[in-house]
Amino acid sequence: MKLEDQVVLVTGSSRGLGLAIARAFRSEGAKVVLNYFKTTEDRISVLAADLGSTEDTLFFRADVTNADEVQELFRAAERHFNKPISTVVNNAMVGDFAFNGDARPKVSDLTWSNFDSQLQGFLRGALNTTQAALPGFEKLGFGRIINIGSNLFQNPVVPYHDYTAAKGALLAFTRTCAADLGPKGVTVNMVSGGLLQVTDASASTPKEVFDHIKAVTPLRKVTTPEDLAGAVLFFASPWSGAVTGQQIVVDGGLVMN
């Protein structure tokens, strides 16, 4: 299915990386469901005016960890666009996570609640959207799931124990879903970024960290949300039709598989 024929859900897309991904899909003519949870209605109104026609976009508030709210999101999208969601991008983060290694708990200070909150957001959220998407995928005979990962579980240079463990679990879920859903014509892949310059979550990262990453990255630049969005579009496009269960790292070559 060509990008311009698709309805794409991007979770957590009222800001940062999610918004960059939503904009990239719109630039290719896809219809986009922008999911948000905590963002104010005033900001949503501004984004709606910026992104243009309501025929091509739908803003929908839903907590991805709540299966009932996710199911309603999918029903609303199909009513709005008169066809099912064909691509799901699982990007939403739970809580106010900030990428500042100095402020994150070390092993001696971790509690299970640290891990649980991240697993709820990344793994439970992806389970809810995947299950809600399946009836539409079956109608279409087609489906794309793209999970947003992290290069930290391959290069854990900062102690984001809970975040990194949850992203690692999401990669495992990506691969088991790819094996399970492949016979239905559904591909499931992951795009993993490094530190992005700049999102709300990375705004608290010290400048010295950005400078260091730039210096040791082969491309001598820090990855932007727009850089990562291009890889997401690849996995949603016809060009990746025979690719599933894979992870691609978009970080300027800092981590190489």
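Counting restarts for each chain: residues are numbered from 1 in the order of the written sequence. Confidence filtering applies because this is a predicted model: local features only for residues at pLDDT of at least 70, side-chain atom pairs given and counted only at 80 or more, and all residues used for totals across whole chains, interfaces and linings. Only hydrogens and water are removed before side-chain values are computed, so all heavy atoms of the structure are retained for them.

The name recorded for the protein chain in an unreviewed UniProt entry is 3-oxoacyl-[acyl-carrier-protein] reductase, from Cladophialophora immunda. UniProt positions are given in the numbering used here, feature names are shortened, and annotations may be inferred rather than shown by experiment. UniProt's Sequence similarities (unreviewed entry) comment on the protein chain is quoted here verbatim: "Belongs to the short-chain dehydrogenases/reductases (SDR) family." A UniProt comment under Catalytic activity (unreviewed entry) is attached to the protein chain, and it reads "a (3R)-hydroxyacyl-[ACP] + NADP(+) = a 3-oxoacyl-[ACP] + NADPH + H(+)".

Asks: Kindly report on the environment of Thr205, identifying the contributing residues and their values.
Replies: Relative to the assigned elements, Thr205 resides in the loop between β6 (186-193) and α6 (207-216). Measuring from C-alpha to C-alpha, the distance between Thr205 and Leu195 comes to 9.0 Å, with ten residues separating the pair along the chain. Here a helix means four or more residues in a row that DSSP labels H or I, a strand means two or more in a row labelled E, and each is numbered from the N terminus.

Asks: Break down helix α1 (residues 16-27) for me, with residues and values.
Replies: Every helix has an expected span of 1.5 Å times one less than the residues it contains. When the terminal C-alpha atoms of α1 are compared, their 17 Å separation across twelve residues agrees well with the 16 Å that a helix rising 1.5 Å per residue should span. The buried label goes to any residue with under 20% of its type's maximum accessible area, the exposed label to any with over 50%, and the partly exposed label to all in between, with areas taken from a 1.4 Å probe on protein chains only. In terms of burial, α1 is a largely internal element, nine of the twelve residues being buried. Looking one or two residues beyond α1, the residue adopting positive phi is Gly29, at roughly 90°.

Asks: How would you summarise the sheet that holds strand β7 (residues 247-250) if you had to cite specific residues and measurements?
Replies: Across the sheet, seven strands lie side by side as β3-β2-β1-β4-β5-β6-β7; this open sheet has parallel pairing. In this open sheet, the two strands that pair with only one neighbour each are β3 (57-61) and β7. Adjacent strand axes in the sheet meet at a mean angle of 20°, parallel and antiparallel pairs treated alike. The criterion for strand pairing is that DSSP finds at least two bridges linking the strands in question. In the sheet, strand β1 (residues 7-10) pairs with strand β4 (residues 87-90) via three bridges, with the strands oriented parallel. Following the sheet pairing, Leu9 is matched in β4 by Val88. Each of β1, β2 (31-36), β3, β4 and β5 (143-150) is contacted by α1, which is oriented at about 165° to β2, the strand it contacts most. Together, β4, β5 and β6 form the strand contacts of helix α4 (residues 112-140), whose direction differs from that of β4 by roughly 175°. Comment: axis = line fitted to C-alpha atoms, over the contacting stretch for helices; angle = value between 0 and 180 degrees taken between N-to-C directions. By definition in these notes, contact holds between two residues if any of their heavy atoms fall within 4.5 Å.

Asks: For the nonpolar core, give the residues involved together with the corresponding values.
Replies: Formed by 33 residues in total, the largest nonpolar core has its most connected members in Leu9, Val33, Leu73, Phe74, Ile85, Val88 and Val188. Put simply, the parts of the chain that give this core at least two residues each are β1, β3, α3 (67-81), α4, α5 (161-181) and β6. Contact partners of Phe74, with chain neighbours within four places excluded, come to Leu9, Ile85, Val88, Thr129, Ala132 and Ala133. In this structure, Ala22, Leu47, Val89 and Ile146 belong to the second largest nonpolar core, which totals 30 residues. Only buried Ala, Val, Leu, Ile, Met, Phe, Trp, Tyr and Cys residues count toward a nonpolar core, and they belong to the same one when joined by side-chain atoms within 4.5 Å.

Asks: Break down the pattern of salt bridges for me, with residues and values.
Replies: Proximity of charged atoms lets side chains of opposite charge pair with each other. Salt-bridge detection follows one rule: a side-chain nitrogen of Lys or Arg within 4 Å of a carboxyl oxygen of Asp or Glu. Summed over all chains, the structure comprises eight salt bridges. Here Asp56 ties to Lys31 by a salt bridge, and the two come within 3.6 Å at their closest N and O atoms. Within this pair, whereas Asp56 is found in the loop between α2 (41-51) and β3, its partner Lys31 is found in strand β2, the two being separated by 25 residues in sequence. Measuring nitrogen to oxygen at the nearest pair gives 2.8 Å for the salt bridge that ties Lys139 to Glu78. Of this pair, Lys139 sits in helix α4 while Glu78 sits in helix α3; the two residues are 61 residues apart in sequence, bridging distant segments of the chain. Residues participating in the shared-partner salt-bridge network are Arg26, Lys31 and Asp56.

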